[in-house]
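One letter stands for each residue in the lines below.
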Amino acid sequence: MSQDVLSPEKLATYPQQPHGGKLVDRVLRGKEREEGLEKAKNLPMIMVDMEAVITLEMIATGVLSPNEGFMNEEDYKSVLSEGRLKDGLVWPVPLSFAPVGERNKQLIQSLSVGDEVVLIDEQKEPVALLELEDIFDYDRDYRATHLFGTTDRNHPGVDAIYRRMGDTALGGPIKLLNRMHWGPFEPLRLEPKDTWHQFYEEKEMSSVGGFITGANPLHRGHEYIHRNALEELDGLLIQPLVEMAKREYTRHEFRMLSYRSVMETYYPEGRSVLAPLRVTYIFAGPRETVLHALIMKNYGCTHALIGRDHAGIGDYYDKYESHTIFDRFTPEELGIDVRLYREVFFCTRCDSLATGHTCPHEDQFHINISGTGIRELLRHGVLPPKEIVRPESARIAMQGVQPKGKDGSNQSIAPIGNTIKSLFPHYLKASRLGGPKRDIPLNVEELNVRDLEAAMMDVRANAHKIYDDIADEYSYLTDVNRSIQREWLSDARDDVREHQHMVVEYLEEKVERAPETASDEFMYQDKEEAEIELEVAKQILNETPPSLREEQLEKRVWNRLPYHRYRGSDE
């Protein structure tokens, strides 16, 4: 079995190297595999769940290089306390194996360091061989506290520890006997050895940005990051996570297809590679963000593209903690250029995607891009605004989230106010996009499905109109060539002013004839009141903008020289 897929000589020619300097390969092939399968028949068996099977494959194919198996106690505790292996190499999350179950517990008691066991899946098929280098006590509270910062069972990562992990951990290198078939994703499957070859041999790239994304379909916040990266990098590796997502999320098959539909239509051909990443969700927040950056590195990426709240879990971590965690490491020890992107939204006043660093406008003009909010719209059977999700993406993703946003009483299953607030912040404070502020802001807890419908209809009707209306006004006031303007607008302005002139003339006559004192104040006006009426009419006339026609704009063309003279020609 070859330890290194890429030789040191070949690696030296690439602009990137795997983490720790080598790309691990623990996959048995050919005769070695046949011998391993034969040996497995006589070894103690430990059954592992789907998550463990996925982790074994990640280790064996080099995704988690330089790890060759499950960690011994010294590495395990060093990672939890320091975020590094015992030799100082950055590694943010432990790779531990503590089988659960009474049968496994009894088997482990009979094992010793130096023994070998076979790991089998739930169908009792052999998956991998594990050579025991260490056996140690596994403290679930210690792991939860150091890895997640909490022992709260409501945290999905904490809950997984107590559900899936036993009292004793087994450490040592593994050898993979059988790979999983990835079903419909198998043709898209790329292992690290494949991407290194593709990027640096076939495409001869010098820089590649990696992007790992979770349970959401492709939205335009993702696109914003991708397009910014492609302005300076040769290529892009996009890896949606598949498997192990909660059922409430968009099913991974549909997420992958939503990515394909958009990339095939809007992304430059040959520069963007889509490959599913079959990985277990660790739910480790900022630590998991660092792990993803190192996974990108092991796939050959020179740059890691990290969005806002990458791998975030509810309110357990600050939304930019996935950015600040990189302050703990130097660029040299990470070995990958980490690019951090702030929260992206669509500004209807800018008429573009933007962040708080690039847009000066208040949220009354904003449509936010919230993955959770987008999922809830899909769950309600509503196509999200095209400004934040391409319809090509959303229509496929909706098929992977069965619309069931309302219960039998027509009430929203999830708090609808949170969905509205996350996507349409303007709705709480303003009557519409860019509209006047409400006298009293709406209470999030009191919003219902009808409010969601109202917000959506407002966005669909007006999101594209705000900048269009502004541009129309600028063009009317600016175009010297009036033939491209709508003449009926000028006619309407002329009519308004003519009618108002008529009102003023009539009132002037009225003032002149008005008595100083009205004989009946309820039926007639005195001169003072008539003069006020006239003053208002004149003010309206002054405030009514005149039409613009070519003869009125002649002075804007001030250079009267023939064009050839304007260019400096004496001929």
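Residue indices begin from 1 for each chain and proceed along its sequence in written order. Reporting of local features is limited, given that this is a predicted model, to residues whose pLDDT is at least 70; pairs of side-chain atoms are given and counted only at 80 or more, and all residues count toward the totals for whole chains, interfaces and linings. Note: side-chain values were computed over all heavy atoms of the structure, leaving out hydrogens and water.

Focus: the overall build of the protein
Move 1: A helix here means a DSSP run of H or I that spans at least four residues, while a strand means a run of E at least two residues long, and both kinds are numbered starting from the N terminus. The helix and strand inventory of the protein stands at 22 helices and 15 strands.
Move 2: Relative to the compact-globule value of 25 Å for 571 residues, the protein shows a C-alpha radius of gyration of 33 Å, a clear excess of over 25%.
Move 3: Each principal axis of the C-alpha atoms in the protein carries an extent, and together these give about 115 × 75 × 40 Å.
Move 4: As used throughout, the charge tally considers Lys and Arg to be positive and Asp and Glu to be negative, leaving His and the chain termini uncounted. To locate a charge, the coordinates of NZ of Lys, CZ of Arg, CG of Asp or CD of Glu are taken. Measuring between centres, the 70 positive side-chain charges of the protein sit 4 Å from its 98 negative side-chain charges. For this measure, only C-alpha atoms enter the radius of gyration; the expected value for a globule follows 2.2 Å times N^0.38, where N is the number of residues.

Section: the environment of Ala 537
Move 1: Looking at the element boundaries, Ala 537 is found in helix α21 (residues 527-543).
Move 2: Residues Ala 537 and His 501, spaced 36 residues apart in sequence, show a C-alpha to C-alpha distance of 8.7 Å.

With respect to the nonpolar core
Move 1: Take the buried residues of types Ala, Val, Leu, Ile, Met, Phe, Trp, Tyr and Cys, join any two whose side-chain atoms come within 4.5 Å, and each joined set is a nonpolar core. For the exposure calls, accessible area comes from a 1.4 Å probe over protein chains only, and a residue counts as buried if that area is under 20% of its type's maximum, exposed if over 50%, partly exposed in between. Leu 64, Trp 91, Leu 119, Leu 130 and Ile 295 are the most contacted members of the largest nonpolar core, which totals 97 residues.
Move 2: Setting aside chain neighbours within four positions, we find Leu 64 in contact with Met 58, Ile 59, Trp 91, Leu 95, Leu 291, Ile 295 and Asn 298.
Move 3: Among the nonpolar cores identified, the runner-up in size contains 33 residues, and Val 344, Phe 346, Ile 374 and Tyr 427 belong to it. Whether two residues are in contact is decided by their heavy atoms: any pair within 4.5 Å suffices.

Quick word on the pattern of salt bridges
Move 1: By convention in these notes, a salt bridge is any Lys or Arg side-chain nitrogen within 4 Å of a carboxyl oxygen on Asp or Glu. As enumerated under the stated definition, the model contains 36 salt bridges in all.
Move 2: A salt bridge links Glu 191 to Arg 179; its shortest N-O distance comes to 1.9 Å. Here Arg 179 lies in the loop between β6 (168-176) and α8 (192-202) and Glu 191 lies in the loop between β6 and α8, a separation of 12 residues in the sequence.
Move 3: Taking the relative accessible area as the measure of exposure, Glu 191 reaches 7% and is therefore buried.
Move 4: A salt bridge links Arg 486 to Asp 472; the nearest nitrogen and oxygen atoms lie 3.9 Å apart. With Arg 486 in the loop between α19 (465-478) and α20 (487-513) and Asp 472 in helix α19, this pair connects stretches of sequence that are 14 residues apart.

Observations regarding the side chain of Arg 287
Move 1: Along the polypeptide, Arg 287 turns up in helix α11 (residues 286-298).
Move 2: Glu 82 is the oppositely charged side chain nearest to the buried, salt-bridge-free Arg 287, at an N-O distance of 8.3 Å.
Move 3: Pairs of N or O atoms are called polar contacts if they sit within 3.5 Å, as long as, within protein, a hydrogen donor faces a hydrogen acceptor (for residues adjacent in sequence, only side-chain-to-side-chain pairs). Only 2.7 Å separates the side chain of Arg 287 from the backbone oxygen of Leu 80, close enough to count as a polar contact.
Move 4: If sequence neighbours within four positions are ignored, Arg 287 has contacts with Val 79, Leu 80, Gly 83, Pro 92, Val 93, His 146, Leu 147 and Ile 325.

Some points on α21
Move 1: Here α21 is 17 residues long and its end C-alpha atoms lie 24 Å apart, about the 24 Å a rise of 1.5 Å per residue gives.
Move 2: Of all the positions in α21, only Lys 527, Ala 530, Leu 534, Ala 537 and Leu 541 are classed as buried. Projected down its long axis, α21 carries its buried residues within an arc of 85°, all on one side. Seen from the open side of α21, the exposed residues pointing more than 90 degrees away from its buried face are Glu 528, Glu 535, Asn 542 and Glu 543.
Move 3: Those residues of α21 hidden inside the fold are in contact with α20. To estimate how far a helix should reach, multiply one less than its number of residues by 1.5 Å. Regarding the arc, it is the one traced by the directions from the helix axis to the C-beta atoms.

Looking at the sheet that holds strand β14 (residues 352-354)
Move 1: One open sheet accounts for 3 strands, arranged β14-β13-β15; its pairing is antiparallel. In this open sheet, the two strands that pair with only one neighbour each are β14 and β15 (366-368). Across the sheet, the mean angle from the axis of one strand to that of its neighbour is 30°, orientation sign disregarded.
Move 2: Here, strands pair whenever DSSP counts at least two bridges between them. Sheet analysis places strand β13 (residues 345-347) next to β14, joined by 3 bridges and oriented antiparallel. Of the residues in β14, the one forming a bridge with Phe 345 is Ala 354. Only the contacting stretch of a helix is used when fitting its axis, a line to C-alpha atoms as for every element, and angles between N-to-C directions run 0 to 180 degrees.

Considering unusual backbone geometry
Move 1: A cis amide bond, omega 10°, links Ser 65 with the succeeding residue Pro 66.
Move 2: With respect to the helices and strands, Pro 66 occurs in the loop between α3 (50-60) and β2 (69-70).
Move 3: With a phi angle near 65°, Lys 124 is a residue other than glycine that sits in the positive phi range.
Move 4: Here Lys 124 lies in the loop between β3 (116-120) and β4 (126-131).
Move 5: Overall, Lys 124 belongs to the exposed group, its relative accessible area being 61%.

Describing a nonpolar patch on the surface
Move 1: Judged by side-chain polarity, Phe 522, Met 523 and Tyr 524 come together as a nonpolar surface patch covering roughly 450 Å² of accessible area.
Move 2: Inspection of the secondary structure puts Tyr 524 in the loop between α20 and α21. Each patch is assembled from residues with relative accessible area greater than 30% and no salt bridge, linking like charges that lie within 9 Å and nonpolar side chains (Val, Leu, Ile, Met, Phe, Trp, Tyr) that lie within 5 Å. Note on areas: Shrake-Rupley with a 1.4 Å probe; residue coverage comes only from the protein chains shown.

Considerations on the state of the cysteines
Move 1: When the sulfur atoms of two cysteines come within 2.5 Å, that pair is taken as a disulfide. On inspection of all chains with the given rule, the structure shows 0 disulfides.
Move 2: Not part of a disulfide, Cys 350 finds its nearest cysteine sulfur in Cys 347, a span of 3.7 Å.
Move 3: Unpaired in this structure, Cys 359 has its nearest cysteine sulfur neighbour in Cys 347, at a distance of 3.6 Å.
Move 4: Classification of Cys 359 by relative accessible area gives buried; the value is 9%.

Some thoughts on the packing of aromatic side chains
Both the distance between ring centres and the angle between the ring planes are used here to describe each pair of aromatic rings.
Move 1: Side-chain rings of Phe, Tyr and Trp, where Trp is taken by its six-membered ring, are said to pair if the distance between their centres is within 6.5 Å; with planes under 30 degrees apart they count as stacked, over 60 as edge-to-face, and otherwise as tilted. Using the criterion set out here, one finds 7 aromatic pairs in the structure.
Move 2: Centre to centre, the rings of Tyr 76 and Tyr 138 are 5.8 Å apart; their planes meet at 35°, and the pair counts as tilted. Remark: Tyr 138 occurs in the loop between β5 (134-137) and α6 (140-148) and Tyr 76 occurs in helix α4 (residues 73-82); sequence separation between them is 62 residues.
Move 3: You can call Tyr 76 buried: its relative accessible area is 2%.
Move 4: Aromatic ring contacts, followed pair by pair, group Tyr 14, Trp 196, Phe 199 and Tyr 200 into a single cluster.

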